[in-house]
Amino acid sequence: FDGSGDYLSIADATPLDLGNGSTDFTIEFWALADSAYDTSTSDYVFYSKYQNPGNGIIIRVWNGELVVNLSGDAFDITTGFYPQPGIWHHYALVCDGGTVTMYVDGVSRGTYSSAIVADSGTSTTIGCLYYNGVINPFKGYISDFRIVKGTAVYTAAFTPPTSPLTAVANTSLLLKGQDAAIY
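This is a predicted model, so every value here is computed, not measured.

Draft legend 1. Representation of the environment of Gly98 in the model. Topologically, Gly98 is positioned in the loop between β7 (89-96) and β8 (99-104). Looking at Gly98, the relative accessible area reads 17%, which means it is buried. The spacing of Gly98 and Thr23 is 75 residues in sequence and 7.3 Å in space, taken between C-alpha atoms.

What follows is the structure, given as structure tokens:
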């Protein structure tokens, strides 16, 4: 992603609708932000499935900090984690029994336990927030992106995978290298 409008958009599809907090899910990927980012003010989006006003999920860096929107325009998970450009990190947003946890490099960085606003009716976007145009585009690399609907792949601290992700049970989306599949 070059930060000037590159992104991946997938039309709304039931396998990518993650529900209202009653369905377990995992969104995970590796990302490396370009070294051009000012880490104190950078604003960019890794993943969004969001309709304005306040419907869906956004995994983003806001003012340099990794945050997650789950119930509208508020930052429901503030992680205290400030990704440094030029360093690969593994990110996993996991819903397990109604509690959503944001993991970075296998370590929990925050949770949210209230219902998530449903995310159906909108496209899945990787590399920006798309709402009447591209907002907060990401500049860098995203690799091994996987959405698993119906399974909390991680439920405690873990060692991030070092080999390419594969399709596990309930995989809805898998993007890796030159391969991509929607299940």
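Draft legend 2. Expanded view of the sheet that holds strand β1 (residues 8-10). Ordered in space as β1-β10-β3-β4-β5-β6, the six strands form an open sheet in which the pairing is antiparallel. Each of the sheet's edge strands pairs with one partner strand only, and the pair in question is β1 and β6 (77-78). Sheet topology note: the strand β5 (residues 65-69)/β6 ladder contains two bridges and is antiparallel. Directly across from Val67, in β6, lies its bridge partner Thr78.

Draft legend 3. Broad picture of the pattern of salt bridges. Applying the stated criterion to the full structure yields three salt bridges. Linking Asp12 and Lys49 is a salt bridge whose minimum nitrogen-to-oxygen distance equals 3.0 Å. On the criterion of sequence distance, the pair formed by Asp12 in the loop between β1 and β2 (25-33) and Lys49 in strand β3 (residues 44-51) is long-range, its members being 37 residues apart. Its salt-bridge partner being Arg146, residue Glu28 comes within 2.4 Å of it at the nearest N-O pair. Taken as a pair, Glu28 in strand β2 and Arg146 in strand β13 (residues 140-149) lie far apart in primary sequence, 118 residues in all. Among the residues examined, Glu28 registers a relative accessible area of 0% and is labelled buried. Here the residues in one salt-bridge network are Asp12, Asp17 and Lys49, joined through shared partners.

Draft legend 4. The arrangement of unusual backbone geometry in detail. Of note, Asn63 is a non-glycine position whose phi angle comes to about 50°, a positive value. Mapped onto the elements, Asn63 comes out in the loop between β4 (55-62) and β5. Located in the positive-phi region is Asp144, a residue other than glycine, with phi close to 50°. Tracing the sequence through the fold places Asp144 in strand β13. For Asp144, a relative accessible area of 13% corresponds to the buried category.

Draft legend 5. Local environment of a nonpolar patch on the surface. Nonpolar side chains collect at one region of the surface, where Tyr7, Tyr130 and Val134 lie side by side and expose about 240 Å² of accessible area between them. The residue Tyr130 is located in strand β11 (residues 129-130) in this model.

Draft legend 6. Fine view of the nonpolar core. Residues Ile27, Phe46, Ile59, Leu66, Tyr91, Leu93 and Phe145 are the most contacted members of the largest nonpolar core, which totals 33 residues. Looking at this core, the elements with two or more residues in it are β2, β3, β4, β5, β7, β8, β13 and β14 (171-176). At five residues, β2 tops the list of elements feeding residues into this core. If near-sequence neighbours (up to four positions away) are discounted, Ile59 is found in contact with Ile27, Phe29, Val45, Phe46, Tyr47, Leu66, Val67, Leu93 and Met102. Residues Ala92, Val94, Tyr103 and Tyr154 belong to the second largest nonpolar core, which totals six residues.

About the criteria used
- Residues numbered from 1 in each chain as written.
- Predicted model: local features only at pLDDT ≥ 70, side-chain atom pairs only at ≥ 80, totals over all residues.
- Heavy atoms only, no water.
- Helix = DSSP H or I, 4+ residues; strand = E, 2+ residues; numbered from the N terminus.
- Buried < 20%, exposed > 50% of the residue type's maximum accessible area, 1.4 Å probe, protein only.
- Pairing = 2+ DSSP bridges.
- Salt bridge = Lys/Arg side-chain N within 4 Å of Asp/Glu carboxyl O.
- Patch = residues over 30% accessible without salt bridge, like charges linked within 9 Å, V, L, I, M, F, W, Y side chains within 5 Å.
- Areas by Shrake-Rupley, 256 points an atom, 1.4 Å probe, with all protein chains shown as cover.
- Core = buried A, V, L, I, M, F, W, Y, C linked by side-chain atoms within 4.5 Å.
- Contact = heavy atoms within 4.5 Å.

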